[in-house]
Amino acid sequence: MKNQKIFDFFRKKNDESTSDLNGSNNISPCISEPASTKRPRLENETLDEPLPNSSNNLQYVSDPGIHIPILQHPIELQDEVRRAYIDKGSIQPIYDYPFTECEGQKRRFQSSWFQKYPWLEFSIEKQSAFCFPCYVFDTNSAQFDIFTVTGFKNWKRVNCKNYPFKRHEGDGNSRHSFAMRKWGDLKNLDQHIDRRLEKQSSKQIEQNRLLLKVSIESVKFLAMQGCAFRGHDESIASKNRGNYLELVALLGRMNPEIGSTLEKASKNAKYTSPEIQREILKIIADIVRDKIRAEIGEAKFCILVDEAIDESSKEQMAIILRYVDRDGFIRERFFEVVHVENTSALTLKKEICNVFNQYNLLTENLRGQGYDGASNMRGEWNGLQALFLKDSPHAYYIHCFAHRLQLALVAVSKEVHDVWRFFSTLTSAINFVGSSAKRQFQLKSIRNAEINDLIKLGEIDTGTGSNQDCSLVRAGATRWSSHFNSVRRFISLFGSVSTLLQDLVDKGPNSNIRGEAKGLYLDIKSFDFVFVLFLMHEVLGISDKLCQTLQKNDIDILNAINLVSTTRLNLQQIRDDRWEGFLWSVLKFCESNDVEVPDFDDCYTRGTKRSCQQKNNITVHDHYHFEIFNAIIDFQLMELNERFSEGTIELLTLSNALSPVDGFKSFSLPDICSLVDKFYYYDFNL
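Note that the structure is a prediction, hence the values are computed from the model and not measured.

Rules used throughout
Residues numbered from 1 in each chain as written. Predicted model: local features only at pLDDT ≥ 70, side-chain atom pairs only at ≥ 80, totals over all residues. Heavy atoms only, no water. Helix = DSSP H or I, 4+ residues; strand = E, 2+ residues; numbered from the N terminus. Buried < 20%, exposed > 50% of the residue type's maximum accessible area, 1.4 Å probe, protein only. Contact = heavy atoms within 4.5 Å. Areas by Shrake-Rupley, 256 points an atom, 1.4 Å probe, with all protein chains shown as cover. Pairing = 2+ DSSP bridges. Arc of directions from axis to C-beta. Polar contact = N/O pair within 3.5 Å; in protein donor to acceptor, adjacent residues only side chain to side chain. Salt bridge = Lys/Arg side-chain N within 4 Å of Asp/Glu carboxyl O. Core = buried A, V, L, I, M, F, W, Y, C linked by side-chain atoms within 4.5 Å. Patch = residues over 30% accessible without salt bridge, like charges linked within 9 Å, V, L, I, M, F, W, Y side chains within 5 Å.

1. Side note on the overall build of the protein
Part 1: Helix and strand content of the protein: 28 helices and 11 strands.
Part 2: Looking at the protein as a whole, 42% of its 686 residues qualify as buried.
Part 3: Of all intrachain contacts in the protein linking residues separated by at least 6 positions in sequence, the fraction that spans at least 24 positions is 63%.
Part 4: For the protein, the exposed area adds up to about 39,700 Å²; of that, 51% sits on carbon and sulfur atoms.

2. Some details on the sheet that holds strand 8 (residues 315-324)
Part 1: Judged by pairing direction, the sheet is mixed, and its 5 strands sit side by side in the order 9-8-7-10-11 without closing on themselves. The sheet terminates laterally at strand 9 (330-339) and strand 11 (396-397), the two strands that pair on one side only.
Part 2: Where strand 10 (residues 366-370) lies against strand 11, 2 bridges are found, and the strand directions are parallel. Of the residues in strand 11, the one forming a bridge with glutamine 369 is tyrosine 397.

3. Here's the deal with helix 10 (residues 256-264)
Part 1: All of the buried residues in helix 10 are Ile258, Gly259, Thr261 and Leu262. Down the axis of helix 10, the smallest arc covering the buried residues is 165°, so these residues share one side. Residues of helix 10 that are exposed and point more than 90 degrees away from the buried face comprise Pro256, Glu257, Glu263 and Lys264.
Part 2: Capping of helix 10 at its N-terminal end is provided by asparagine 255; its side-chain oxygen lies 3.0 Å from the backbone amide nitrogen of glutamate 257.

4. A word on the side chain of arginine 289
Part 1: Within the secondary structure layout, arginine 289 lies in helix 11 (residues 274-296).
Part 2: When near neighbours in sequence (up to four residues on either side) are disregarded, arginine 289 contacts Phe335, Glu336 and Tyr359.

5. Re the environment of glutamate 596
Part 1: Looking at where glutamate 596 falls in the secondary structure, it is placed in the loop between helix 23 (579-592) and helix 24 (620-643).
Part 2: Put simply, glutamate 596 and lysine 525 are 71 residues apart on the chain and 7.6 Å apart in space, counted from C-alpha to C-alpha.

6. Observations concerning the pattern of salt bridges
Part 1: Per the counting criterion, the structure on display carries 17 salt bridges.
Part 2: For the salt bridge of glutamate 450 with arginine 447, the shortest nitrogen-to-oxygen distance reads 3.6 Å. A residue pair is termed a helical-turn pair when its members lie 3 or 4 positions apart in one helix, as glutamate 450 and arginine 447 do in helix 17 (residues 437-457) at 3 residues.
Part 3: For the salt bridge of arginine 575 with aspartate 634, the shortest nitrogen-to-oxygen distance reads 2.5 Å. One end of the pair, arginine 575, is in helix 22 (residues 557-577); the other, aspartate 634, is in helix 24, and 59 residues separate them in sequence.
Part 4: Among the residues examined, arginine 575 registers a relative accessible area of 25% and is labelled partly exposed.
Part 5: Judged by its relative accessible area of 31%, aspartate 634 is partly exposed.
Part 6: The network of salt bridges with shared partners includes Lys282, Asp286, Arg289 and Glu336.

7. As for the pairing of strand 7 (residues 301-309)
Part 1: Where strand 7 meets strand 8, 9 bridges bridge the pair, whose relative direction is antiparallel. Across the sheet, glutamate 307 pairs through a bridge with methionine 317, a residue of strand 8.
Part 2: Where strand 7 hands over to strand 8, the hairpin turn is made up of 5 residues, of which serine 313 adopts a positive phi near 65°.

8. Notes on the nonpolar core
Part 1: If you look at the biggest cluster of nonpolar residues, it comprises 74 residues, and the most contacted ones within it are Phe422, Phe490, Phe494, Phe531 and Leu535.
Part 2: Looking at which element gives the most residues to this core, the answer is helix 21 (residues 527-550), with 15 residues.
Part 3: If near-sequence neighbours (up to four positions away) are discounted, leucine 535 is found in contact with Phe582, Ile628, Phe629, Ile632 and Ile633.

9. Some remarks on a nonpolar patch on the surface
Part 1: Taken together, the side chains of Phe664, Phe667 and Leu669 make up a nonpolar region of the molecular surface, amounting to roughly 340 Å² of accessible area.
Part 2: Relative accessible area serves as the criterion here: at 45%, phenylalanine 664 is assigned to the partly exposed category.

As structure tokens, then:
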């Protein structure tokens, strides 16, 4: 037994007939599947071949008359043999069957019986019929020996009621029926465990893909709209679980398939956790950055950088890339947010270069820098712009014009004492009135009564949209155009605010309110406050026109530069020529609002009016004219001249020659040559 191979169990010891059968003529056995899965006949099919799907090189014998019974195979190989024979199917050869003597009559096997009895097999070797399922599945072949071992060959009275074919089939509980059911189950591939698992796995994959698609679309929508994802309470009992979870739930209600899938999914397979949200966001961000990088290609580019502290008190740096794409359009793309440990120039440059290296952006292709006016950014020697200029000499630093103007106004408000005191008083008065809904209502009532009186006197006009200013405006910390609106509105409501404060001084609900109202009333009714109020209205009015224009999308470089020059000229004109007119408007306003006006011919005294505190013997007129009016305008002009330097303006003016606006209307060959000679010599020095 040790030298015996496994395929030896598939042959009888004396099977010389098998080799003779291979050489017989006019025989073309057809191996077919029963019933509807019948296999077509194959020409020149060999009788001896390896069993399909066999891992032990078992030899397959195609004639049922010489099959080795299944139970004679080693027990560990019996299931493999069964599967191999089932894969091959029953042997149903179609050819000219020979006649045999059956009770004195010649009869022969009919191929039509294969259709009537799909379990039937025919042995060319023994010229007998066999039962395929009983051979494969029956564990007691002795009971059906004639259909599994010996073979049946009496072809007379085949269609009779008690013919052996019918008796072999028996009723539904017969051993043959039991073998047929096993055969049918194994033929039905959809019922196999592996197929059922595969089908179930495919369905689970579809459900997972649907849930993931819902999560991706929800993340894309919220990211596009700039909405927060998380909620304060995301528990199941919460009435508002946050934008992301509520959006997913909404999609489930709108689409029954999504809704049922969400309900059936396990808690760890809904793809809605914060980790999944962040991972999807990161993937989307990477895709967007790769797209931007592909748009840039090998072209030159500029960077815009700003930093801010987020809600977690971490310093974050935003990087924006500005470039011309392959179609010739200027693109400005938000690219990355990087956490930085500090805001020193070296740290910022290191982090920016890390981003460049990650996306293969060359520093030598950098042709422009745009930062705020902080010293660590614009420093001429050690600032961020200076560090990049060492690596790329043509990466010129340009500070945003609107931001420069804002910084100039901020400098005035901080450095000029009278302006700082004015804005402090103005902010206090606006906050005092605006912090109480009752005081706001009182202010509106007083203002409406004043408007009615003025209309009766014919001092103001009426019409749609007229006289609508009934509330004060708070000034924003970063938008200095709002300061002009705040000043303008306070002037129009000055009388109403004064009346309200006077009423609160007399009828305030408590001493704190009465005391604060009295202090503010005295401050705003002073001539100093009114004088600076009107002066800032003039200065901010001119600056506001420039500020609004600089923030327009369609403004070009040349117009921006011209507007800066116009603003300077207008401020200089106010200083030189409009003092008398300005003073007259202030005095008239004071007269109409009962503001006490000092004697302009008196000697101006400072502090407590002690002689030791008086530095210069000047009149009140000179104090307001030179120490306040001229000083504020001069300081404003100095800031504008410093922040809008000639070098930057020259670069922008020459660059305007390349502007495509109005079909390259500003195109100038001499300007382009000057631009190359002065600023981009090495780029064109071939």
